[in-house]
Every structure is written in C-alpha cells, then in structure tokens.
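The chain contents come next:
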Amino acid sequence: MARALINVPKAAKRGEVIEIRALISHPMESGFRPDESGKLVPRSIIKTFSCAYNGEEIFRADFFPAVAANPFVSFTTLASASGTLSFTWVSDTGETQTETRPITVE
Amino acid sequence: MAGQRDASRREVLAGGGGLAAALAIGPARAEAEQTLAAIRAFTGEAEVRRGRVKLDIPVLVESGNSVPVSVSVDSPMTAADHVKRIALFTEKNPLPDVARFHLGPRAGRAVVATRVRLADSQTVTAIAELSDGSFWSHTTDVIITLPACAEG
C-alpha cells in the first residue's frame, strides 16, 4: 500500500468551507521517459482520485501522465454533517486504495 | 484510433479557428492543433470565452517536473449556478490533457490545485464548465529552465 497524506480539519462549523489536501506516493510513470538502455518505461499512473462525504461523492479528479509524481490535489467542500470522508485512488491497472478521515461538524 | 484522431483534428481545423483566436494560441502548429482537439473533446461545440477563470501558475520555473498549479473560478457555487468541471491543457507536452476536476455546489468554492509536469516552455490553459453549459478559460505562458524528463 502506498503512503497517503491527507489533510482534513478535525472539526468545522456547519456551513463552513473547508480545504482538503491529498497526496499519494506514486511515480506517475508517464510512458514517455526512457530508462538507461533508451527503452521507454511503460506507463503506470493513478487515473482517478475521488472523495466521498458520508458516502456521497463530492469531488473527483481524472489524472493524465502530465500530473507530477506523488499526485497532489487540493479542493474544498462545505462542512455539512459529522461523519467520514473517504478518499479513493485508482491506478490505470485497476488497483485501488481507500483511506478515511473522520470529521466533526458543530 | 489514428483515423478517429485525424477526423477530430479535421473538425477542429474546420471549426476551431475562432476557438484558436479566443485562446490566443497563435499561428497553427502541430502541437496547437493537438491541444485544440483535446479542448474540443472537453467542450464539444460550445464557445469558450475568456474570463471568470483564474489560472495561477509560476511564470518562470526552474524544473518542469513538478509545477504547482491552482485554478479558481468566479462562481457562487449554488445549486443553480456552479462549476461542474475544470480541465487543464498544455500546448507542447506529449499529451495535451493534464487533469480534469469534477465538482459541484457542495464544494462551496471553485478552487482546485495540483502539481503538473511541463515538458517545455509553453502555454497552459484552464477551462471551466459552468452549470449553465458555458465554458470559460484562462491561458498563461510558462518558461521552464529545466524541462520534465530531461534527465531521462
């Protein structure tokens, strides 16, 4: 499992706009880079990242090979209710990784 | 696949003149055609207007391997009026598409950020699709002193 760094405020006021930042360690091998022997290293990238708030998808990103290694994304959401934010990364080979973070909304 | 791409290129060449002017990509070049085709795949037949979108990217970057990019859109982000999608395109990367972001009224604000690779000094374009079906764009020039993948 790749290392993921997720930044979500632990608590927020109802209706507040919160910023979420997420990064996963991944080479994002573009398929355009030659190795030492001059052969192209095959493409291997994270294709999509999505975030669900209490089960409902609130944000999704589609990545192409031009996204830098260790893909980072930041976005915002309205703090609506206490519960769980889940984060899912899917690679072009179909591997998925999901992480969750709790949030308390007053 | 190649035939499909040629067809979309022809469509863009036939109908994309206004779009090219609107985005100020300049004289037709192979890379610009590829970028216009990618933009057309995102926008369909809709007109792309300048404004409402702010693309924040450094003007001069030392390394093209990881360039911070932020896009914000002037939108109230309500159920009736919000940003649905934001896409990033490059002019001279091997592939013009960089990333697409899907958001909605629950975002509260239309601001996204990521880090991208730039293979050369070039223009970068952000396009936002609003809930009323309109498309808005901002294009910026970036100068790279060490392009991505240069060290192979």
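Look a little higher up for the structure.
Each value, and the rule that gives it
Starting from 1, residues in each chain are numbered consecutively following that chain's sequence as written. Key to labels: chains lettered from A, ligands numbered from 1, both in the order written. It should be noted that, the model being predicted, local features are given only for residues of pLDDT at least 70 and side-chain atom pairs only at 80 or more, the latter also being counted only at that level, while totals for whole chains, interfaces and linings use all residues. With hydrogens and water stripped out, all remaining heavy atoms of the structure feed into the side-chain values. Within this document, salt bridges are pairs made up of a side-chain nitrogen of Lys or Arg and a carboxyl oxygen of Asp or Glu, the two lying within 4 Å of each other. In this description a helix means any DSSP run of H or I spanning at least four residues, a strand means any run of E spanning at least two, and both kinds are numbered starting from the N terminus. Residue exposure (1.4 Å probe, protein chains only): buried if accessible area is under 20% of the type maximum, exposed if over 50%, otherwise partly exposed. Between two residues, a contact is recorded if the distance between any of their heavy atoms is within 4.5 Å. Reported buried area values correspond to the accessible surface (1.4 Å probe) lost by two parts on association, with both partners' losses combined. Gly counts as polar in this scheme, as do all residues outside two lists: the nonpolar Ala, Val, Leu, Ile, Met, Phe, Trp, Tyr, Cys and Pro, and the charged Asp, Glu, Lys and Arg. At least two bridges found by DSSP between two strands are what make those strands a pair. Axes here refer to lines fitted to C-alpha atoms; in helices the fit is confined to the stretch in contact. Angles between the N-to-C directions go from 0 to 180 degrees. Buried residues of nine kinds, namely Ala, Val, Leu, Ile, Met, Phe, Trp, Tyr and Cys, make up a nonpolar core once their side-chain atoms join them within 4.5 Å.

Student: Would you explain the pattern of salt bridges in this entry?
Tutor: Side chains that differ in sign of charge can pair as their charged atoms come close. Tallied over the entire structure, the rule returns nine salt bridges over all chains. Between Glu56(A) and Arg106(B) there is a salt bridge, with its nearest N and O atoms 2.8 Å apart. Pair noted here: Glu56(A) is in strand E5 (residues 56-63) and Arg106(B) is in the loop between strand E6 (97-102) and strand E7 (111-116), and the two residues belong to different chains. Classification of Glu56(A) as partly exposed rests on a relative accessible area of 46%. Residues Arg60(A) and Asp62(A) are paired through a salt bridge, measuring 3.5 Å at the closest nitrogen-oxygen approach. In this structure Asp62(A) comes out as buried when scored by relative accessible area, which is 16%. The network of salt bridges with shared partners includes Glu57(A), Arg60(A) and Asp62(A).

Student: Is there a simple way to explain the interface of chain A and chain B in this structure?
Tutor: The extent of an interface is frequently quoted as the accessible surface area lost upon association of the parts. With 31 residues of chain A in contact, the opposing surface of chain B contributes 25 residues. Carbon and sulfur atoms supply 54% of the area buried between chain A and chain B, which totals about 2500 Å² over both sides. Put simply, chain A and chain B have one salt bridge between them. The set of elements that each furnish at least two residues to the side of chain A that touches chain B consists of strand E3 (17-24), E5 and strand E6 (72-78) of chain A. Looking at the side of chain A that touches chain B residue by residue, the class counts come to 21 nonpolar, five polar and five charged. Note that E6(A) and E7(B) share two bridges and pair antiparallel. Bridge pairing in E7(B) places Ser74(A) opposite Ala113(B).

Student: Just to check I follow, could you spell out the sheet that holds strand E4 (residues 67-73) of chain B for this structure?
Tutor: Across a sheet, strands are paired by hydrogen bonds formed along the backbone, either parallel or antiparallel in direction. In space, the six strands of this open sheet follow the order E1(A)-E3(A)-E6(A)-E7(B)-E4(B)-E2(B), with antiparallel pairing throughout. Lying at the two open borders of the sheet, with one neighbouring strand each, are strand E1 (4-7) of chain A together with strand E2 (53-56) of chain B. Direction aside, neighbouring strands of the sheet carry axes that sit 15 degrees apart on average.

Student: What exactly am I supposed to notice about the nonpolar core here?
Tutor: Soluble globular proteins tend to pack their nonpolar side chains together in the buried interior. Residues Phe49(A), Phe59(A), Phe87(A), Leu88(B) and Phe101(B) are the most contacted members of the largest nonpolar core, which totals 56 residues. Non-local contacts of Phe59(A), meaning those with residues more than four positions away in its chain, are made with Phe49(A), Ser50(A), Cys51(A), Val73(A), Phe75(A), Phe101(B), His102(B), Leu103(B) and Val112(B). Ranked by size, the runner-up nonpolar core spans eight residues in total, among them Ala38(B), Ile39(B), Phe42(B) and Phe135(B).

Student: Just to check I follow, could you spell out the pairing of E5(A) for this structure?
Tutor: Relative to E5(A), strand E4 (residues 46-53) of chain A runs antiparallel, the two being bridged by six bridges. Each residue of the ladder has a partner; that of Thr48(A), found in E5(A), is Asp62(A). Linkage of E4(A) to E5(A), two consecutive antiparallel strands, is achieved through a turn of two residues, within which Asn54(A) is found at a positive phi near 50 degrees. Where E5(A) and E6(B) come together, four bridges link them in antiparallel fashion. Its bridge partner lying in E6(B), Asp62(A) is registered against Arg100(B).

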